[in-house]
Amino acid sequence: YPARMLKSEILIYEKKFTEALQLLEELEKEEPNAPRTHYFKGLCFIAAGNYGQAEIVVSKACELNPGYFMARMLLADIYLRGKSFDLAHKEASTALKLKPDDYQARMIRAGALLGLGKMDEAQKEFEHLIRDEPDNPSAYYQMGLIKNALRDYDASLTYLKTAYEKNNRLIDVFAQMVNIHAIRQEYETAHSMIEKQIDLYKDQPALVAVVHNIQSAVFLAQKDPEHAKQALNRAIEANPAYLSPYETLAKFFLSENNKEKAIEQYQIIIDKNPRLPAPYMMIGVIYDRDQEYLKAAEYYARALEANPDFAPAANNLAYHLVKRTDEVDKALRLAQTAKAKLPEDPSVMDTLGLAYYRKGLYGNAVNEFLGSLNKMPDHPLFNYHLGMAYAKKGDKDLAIGALKKALESGIRFEEVEEAEQMLSELQK
């Protein structure tokens, strides 16, 4: 058992995560209560992007050995990445009780405090870290971000410059400094920094591409789209695998009503990484905008093949199905998936309401439409849908009120003629 446990660690070190996980599964059958097995399984799941399963097994490691520092740290990091800030704070605090001087544990706790909106407490943590390790740029960078969020740009630049002096190859630090100079319309300073950074990264094309992408944002801030496009093309030339420039170029082409070019850019992203749902989604939105609904639905479905929990695509496909097909049960399932992921989104509530309406569940539909109108009370289409549901429930006066509000907005919407006809019939 110890020899095979060591082998699993070596496999993880060699990034052979599938083999390591298989071996760890065998070891768990022999020793189900060994904390290290669960911890290393967690590392394998994280490598596969399965943070939910990682959380389960690393939690088990902590349960089996409450003093297992590395497992506590990993669990805190999982919670922080998942924006479960209360839990991240709790686990990082527990880790600090085990090792009070651990830099990374305090960094995670400070990050959790930021997520919880406790800015003053977070700043105290970062100041503590700066005192502990004055040559480490990480805490200076985080302090720079805090001051930037507070729009104290002078203080932010002071911290960021200190971090940059500690390590001038940190791309995030550099990007934040350029961003502040652009906000302050200090474009000459920003471009000078960019040229120096490109020279610094000249042997690292992937980083050169990122700098050109940042450069395009500065040109956009200057309202210079042509130079911005040139910077994006230089980014692609430096690193064709870098996806962000393609997406920005697609948005350019959309703004110019060049649908074909925009789709071409998103298709390049798909070809490079077919597991990303967003490019399929964006192509679907383009087709939707041009009322090519079947093509739009095809791309929403492909986005869901890439990620079955991708709420925007689930919502849009559900809306298509409920409005234009008889696949109401499928539409309802998709709308419920979207609602579970985006419970406060008014468009998602409206789609789910329409699915309930088509199923004849008018009370449920009313509740969803009221929820969407609580967020956007003057939205004409949402008010029309509420009027439809009230009418089916037999609440004539409420239906008339909702329909009147939809039509009095003065905003034309897709079903305005149906709304006018329904109101006329109800008022007879």
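Residue positions are counted from 1 within each chain, in the order its sequence is given. The model is predicted, so local features are restricted to residues of pLDDT at least 70 and side-chain atom pairs to those at 80 or more, both for listing and for counting; the totals for chains, interfaces and linings are taken over all residues. Only hydrogens and water are set aside; all other atoms, that is, all heavy atoms of the structure, feed into the side-chain values.

1. Concerning the layout of surface pockets
Computed over the protein atoms alone on a 1 Å grid, cavities are sets of points where a 1.4 Å probe fits but cannot get out and pockets are open sets with protein on both sides within 12 Å along at least five of seven lines; a residue lines them when it has an atom within 4 Å of a point. Grid points are joined across faces, edges and corners, and a volume is the space filled by probe spheres set on the points. Of the volumes computed, that of the largest pocket is approximately 410 Å³. Labels follow the DSSP assignment, with helices taken as runs of H or I lasting at least four residues and strands as runs of E lasting at least two, numbered in each case from the N terminus. When residues of the lining of the largest pocket are traced back to their parent elements, those giving at least two are helix 17 (277-289), helix 19 (311-324), helix 21 (346-359) and helix 23 (380-393). Classification convention: Asp, Glu, Lys, Arg as charged; Ala, Val, Leu, Ile, Met, Phe, Trp, Tyr, Cys, Pro as nonpolar; all other residues, Gly among them, as polar. Taken together, the residues of the lining of the largest pocket break down into four nonpolar, seven polar and five charged. Approximately 260 Å³ is the volume found for the second largest pocket. Lining the second largest pocket, in full, are Gly 49, Tyr 51, Gly 52, Glu 55, Ile 78, Arg 81, Gly 82 and Lys 83. Contributions of two or more residues to the lining of the second largest pocket are made by helix 4 (51-64) and helix 5 (69-81). Considering every element that reaches the lining of the second largest pocket, the biggest residue donor is helix 4, with three residues. A per-class count over the lining of the second largest pocket returns two nonpolar, three polar and three charged.

2. Brief notes about the pattern of salt bridges
A pairing counts as a salt bridge when a side-chain nitrogen of Lys or Arg comes within 4 Å of a carboxyl oxygen of Asp or Glu. Throughout the structure, instances matching the rule amount to 28 salt bridges. Between Arg 109 and Glu 125 there is a salt bridge, with the nearest N and O atoms lying 2.6 Å from each other. In this pair, Arg 109 sits in helix 7 (residues 103-115) while Glu 125 sits in helix 8 (residues 119-132), placing the two residues 16 residues apart along the sequence. With respect to burial, Arg 109 and Glu 125 carry one shared label: buried. Close ionic contact of Lys 259 with Glu 292 constitutes a salt bridge, the shortest N to O distance being 2.3 Å. With Lys 259 in helix 16 (residues 259-272) and Glu 292 in the loop between helix 17 and helix 18 (293-306), the pair connects residues that are 33 residues apart, well separated along the chain. The classification of residues rests on relative accessible area computed with a 1.4 Å probe and restricted to protein chains. Under 20% of the type maximum is buried, over 50% is exposed, and intermediate values are partly exposed. On the accessibility criterion, Lys 259 (14% relative accessible area) is buried.

3. Considerations on the packing of helix 3 (residues 35-47) against helix 5
Look at helix 3 against helix 5: their axes get within 10 Å of each other, and the N-to-C directions meet at 30°. The angle between the axes of helix 3 and helix 5 places the two elements in the roughly parallel class. The chirality of how helix 3 crosses helix 5 is left-handed. Contacts from Tyr 39, Leu 43 and Ile 46 in helix 3 reach Met 70, Ala 71, Leu 74 and Ile 78 in helix 5. Under this scheme, a helix contributes an axis fitted over its contacting stretch, all axes are lines through C-alpha atoms, and angles between N-to-C directions fall in the 0 to 180 degree range. Each angle is binned into one of four classes, with values under 35 degrees roughly parallel, values over 145 roughly antiparallel, values of 65 to 115 roughly perpendicular, and all other values oblique. Two helices that cross are described as forming a left-handed crossing if the nearer one is turned anticlockwise from the farther one by less than a right angle, and a right-handed crossing if clockwise. Residue contacts are defined here by distance: any two heavy atoms, one from each residue, within 4.5 Å place the two residues in contact.

4. A short note on helix 8
The end-to-end C-alpha distance of helix 8 is 20 Å, a good match for the 20 Å that 14 residues give at a rise of 1.5 Å each. All buried positions along helix 8 are accounted for by Ala 122, Gln 123, Glu 125, Phe 126, Leu 129 and Ile 130. Seen end-on, helix 8 carries its buried residues on one side only, within an arc spanning 160°. In helix 8, the exposed residues that point more than 90 degrees away from the buried face are Asp 120, Lys 124 and Arg 131. Buried residues in helix 8 make contact with helix 7, helix 9 (137-149) and helix 10 (153-166). Given the number of residues in a helix, its expected span is that number minus one, multiplied by 1.5 Å. Arc definition: it is the arc formed by the directions from the helix axis to the C-beta atoms.

5. Section: the packing of aromatic side chains
Geometry of aromatic contacts follows a simple scheme: Phe, Tyr and Trp rings, the Trp one being its six-membered ring, pair when their centres are within 6.5 Å, and the pair is stacked under 30 degrees between planes, edge-to-face over 60, tilted otherwise. For the coordinates displayed, the defined rule picks out five aromatic pairs. With a centroid separation of 5.9 Å and an interplanar angle of 35°, the aromatic rings of Tyr 287 and Tyr 299 are classed as tilted. Residue Tyr 287 is found in helix 17, and its partner Tyr 299 is found in helix 18; the two are separated by 12 residues along the sequence. When its relative accessible area of 11% is taken as the criterion, Tyr 287 is described as buried. Assessed through its relative accessible area of 11%, Tyr 299 is described here as buried. By way of ring pairs, the aromatic residues Tyr 39, Phe 40 and Tyr 68 are connected into one cluster. The rule is short: NZ of Lys or CZ of Arg within 6 Å of the ring centre and within 35 degrees of the ring normal puts a charge over the ring. We note Lys 229 situated over the ring of Phe 252; from NZ or CZ to the ring centre the distance is 5.7 Å. Directly above the aromatic system of Tyr 293 lies the positively charged group of Arg 324, at a separation of 3.4 Å from the ring centroid.

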